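What follows is each chain in one-letter form.
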Amino acid sequence: MSTLESRLHSAVARVRENWRGTRLIDGLEPGPAGTAALLDLARIYRANRLEIGRMRLLSGRAVAGLFFDPSLRTHTSMEVATGRLGAHFVYLQGGQGTWGMEFEDGVVMNGAAAEHIREAAPVLSTYADVLAVRAFPKGPNRDETVIRGFAAHAGAPLMNLESALSHPCQGLADQLTLCDLGGGDFKRRKVCLTWAPHPKPLPQAVPLSVVRAAVLGGADLHIANPEGYDLDGHELERARSFCRDTGASITLTRDPDAAADGALAVYGKGWGGDDHEGHAERVAGLSHWTVTEARMAKATAFLHCLPVRRNVIVTDGVLDGPQSRVVPQAANREPVQAAVLLSWML
Ligand code: CP
């Protein structure tokens, strides 16, 4: 066994010492120690990915990626990570080229859906060693029906590729990016998560995953949003329960300038609040929440999960300027997802 392969096996063993789970649904599952071990493994992968690509470490394994919604980064980075590790990635589009799927129990299936989650998830689990699923809510903002259906009925390990409330792989990549910005970690460093205008009342998956990432990494997190756009209180409290362990803190404010002042990173993101009615009209009056060069004056870096609406969420000047880290942030998706796959299948 080469030195690199031996390092990878040791890093995987450290993940498993701290996290024996095979479900990554909201991103809190690995806990602070398991997450730190995953990030160490991701760093080894990132620094050696071409050599790792020649090793075919997961040869013979398969990942089924089921996308009910569009993706550029998640699809590509999952397929590339899986291929680089020597495993096979099956890309499936929910309801397009696959059967329309029913998730409700006890329903009379005489409508459009031809297949029930009770068969689909176990069948896919017989072919694939890992299931990876993306499904945004169709109705209410916080509807987790699809990912919950897979969690209930899949026998294979399950990775959430973004649901209504969680985008755990984005959260892992964001932690790796914050660690890079902080010179190794971001413990007790100020991180700003600021609401920004967007024409649609988007789900809270990304901002809640930023909160979880910041808390797991021990940040001094400042969350700024206008009235009516508070993050889900239950999910905030769940994340806050890790603060004592990690030394993290959460400050809520209506002042985006104060939140951004002196921050290691300003993470801009649009999201919907409790009331979606009248969102477009309200947003029209909230253009001062766009992240500008002035707001970034005393901050180090700008982050966003992408795709981003230029000159709505953030100005061209910030995105095209030296503070923007959105491309390396997106690049960090591949190594963190490879780390999860290695942890489950090596
Ligand atoms: N950030 C992110 O998940 O990008 P995609 O929607 O393109 O996958």
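It should be noted that the structure appears before, not after, this text.
Rules used throughout
- Residues numbered from 1 in each chain as written.
- Predicted model: local features only at pLDDT ≥ 70, side-chain atom pairs only at ≥ 80, totals over all residues.
- Heavy atoms only, no water.
- Helix = DSSP H or I, 4+ residues; strand = E, 2+ residues; numbered from the N terminus.
- Buried < 20%, exposed > 50% of the residue type's maximum accessible area, 1.4 Å probe, protein only.
- Contact = heavy atoms within 4.5 Å.
- Phe/Tyr/Trp six-rings, centres within 6.5 Å; stacked < 30°, edge-to-face > 60°.
- Near = heavy atom within 4 Å.
- Polar contact = N/O pair within 3.5 Å; in protein donor to acceptor, adjacent residues only side chain to side chain.
- Areas by Shrake-Rupley, 256 points an atom, 1.4 Å probe, with all protein chains shown as cover.
- 1 Å grid on protein atoms, 1.4 Å probe; cavity = no way out; pocket = protein on both sides within 12 Å on 5 of 7 lines; lining within 4 Å.
- Sits in = over half its atoms within 2 Å of the grid points.
- Pairing = 2+ DSSP bridges.
- Axes fitted to C-alpha atoms, helices over the stretch in contact; angles between N-to-C directions.
- Parallel < 35°, antiparallel > 145°, perpendicular 65-115°, else oblique.
- Nonpolar A, V, L, I, M, F, W, Y, C, P; charged D, E, K, R; others polar.
- Core = buried A, V, L, I, M, F, W, Y, C linked by side-chain atoms within 4.5 Å.
- Points joined across faces, edges and corners; volume = space filled by probe spheres on them.

A. Representation of the overall build of the protein chain within the structure. Looking only at helices and strands, the protein chain features 15 helices and twelve strands. Dimensions along the principal axes, computed over C-alpha positions, put the protein chain at roughly 60 × 50 × 35 Å. Expressed as a percentage of the 346 residues in the protein chain, the buried residues total 57%. Taking the contacts inside the protein chain whose residues are at least 6 apart along the sequence as the reference set, 79% of them involve residues at least 24 apart.

B. Expanded view of the packing of aromatic side chains. One pass over the full model with this rule turns up six aromatic pairs. Measuring from centroid to centroid gives 6.1 Å for phenylalanine 68 and phenylalanine 103, while their planes differ by 65°, and the two rings are edge-to-face. Remark: phenylalanine 103 occurs in the loop between β4 (101-102) and β5 (115-116) and phenylalanine 68 occurs in the loop between β2 (62-67) and α4 (73-84); sequence separation between them is 35 residues. When its relative accessible area of 17% is taken as the criterion, phenylalanine 103 is described as buried. Ring centres of phenylalanine 103 and phenylalanine 150 lie 6.4 Å apart, and the angle between their planes is 55°; on these two criteria the pair is classed as tilted. Here phenylalanine 103, found in the loop between β4 and β5, pairs with phenylalanine 150, found in helix α6 (residues 145-153); they are 47 residues apart in sequence, far enough to count as distant. We note that phenylalanine 103, like phenylalanine 150, is buried. Taken together through their ring pairs, the aromatic side chains of Phe68, Phe103 and Phe150 make up a single cluster.

C. Main features of the site of the ligand. Every residue close to the ligand is listed here: Ser71, Leu72, Arg73, Thr74, Arg134, His167, Gln170, Cys305, Leu306 and Arg333. Arginine 73 is positioned such that a nitrogen or oxygen atom in its side chain is 2.9 Å from an oxygen atom of the ligand. Contact distances for the ligand include 2.9 Å between a nitrogen atom and a backbone N or O atom of leucine 306. If the ligand stood free it would expose 260 Å²; the protein chains cover 94% of that surface. According to the grid-proximity analysis, the pocket containing the ligand is the largest pocket.

D. Representation of the sheet that holds strand β9 (residues 220-224). Within the open sheet, the five strands sit side by side as β10-β9-β8-β11-β12. Their pairing is parallel. On the outer flanks of this sheet lie β10 (249-253) and β12 (301-303), each paired with one strand and no other. Direction aside, neighbouring strands of the sheet carry axes that sit 20° apart on average. Examined bridge by bridge, strand β8 (residues 190-195) and strand β11 (residues 265-269) share five bridges and lie parallel to one another. Each bridged residue has a counterpart across the sheet, and for cysteine 192 the counterpart in β11 is valine 266. Along the sheet face, helix α8 (residues 205-216) touches β8, β9, β10 and β11 and points at about 155° away from the line of β11.

E. View of the packing of helix α1 (residues 3-18) against helix α15 (residues 333-345). Interaxial distance between α1 and α15 falls to 9 Å at its minimum, and their mutual angle equals 80°. Viewed along their axes, α1 and α15 adopt a mutual orientation that is roughly perpendicular. Contact residues: α1 offers Leu8, Val12, Val15 and Arg16, while α15 offers Leu342, Ser343, Trp344 and Met345. Each residue belonging to the contact of α1 with α15 can be placed in one class, and the counts come to six nonpolar, one polar and one charged.

F. Seen up close, the environment of glycine 233. Summarising the element assignment, glycine 233 is placed in helix α9 (residues 233-240). By relative accessible area, glycine 233 is classed as partly exposed at 43%. For the pair glycine 233 and methionine 55, spaced 178 residues apart in sequence, the C-alpha separation works out to 45 Å.

G. Structural view of the nonpolar core. Counting 97 residues, the largest nonpolar core has Met159, Leu193 and Val211 as the members making the most contacts within it. Looking at this core, the element that brings in the most residues is α15, giving eight residues. Apart from residues no more than four positions distant in its own chain, methionine 159 is found in contact with Leu24, Met78, Leu131, Ala132, Val133, Cys169, Gln337, Val340, Leu341 and Trp344.

H. Geometry of the sheet that holds strand β3 (residues 88-93). Strand order in this open sheet of five strands is β1-β7-β6-β2-β3, and the pairing throughout is parallel. At either margin of the open sheet sits one strand with a lone partner, and together these are β1 (23-24) and β3. In the sheet, β2 pairs with β3 via six bridges, with the strands oriented parallel. Looking at β3, one finds that alanine 64 is bridged to valine 90. Together, β2, β3, β6 (130-134) and β7 (158-160) form the strand contacts of α4, whose direction differs from that of β3 by roughly 155°. Packed on one face of the sheet, helix α5 (residues 117-127) meets β2, β3 and β6 and runs near 135° to β6.

I. Quick look at the layout of surface pockets. In this structure, the largest pocket occupies an estimated 580 Å³ of space. Around the largest pocket, the lining is made up of 26 residues, and of these Phe136, Glu162, Leu202, Lys269 and Pro307 lie nearest the centre. When the residues that make up the lining of the largest pocket are grouped by side-chain class, the tally is twelve nonpolar, seven polar and seven charged.

Keep in mind these values describe shape, not function.
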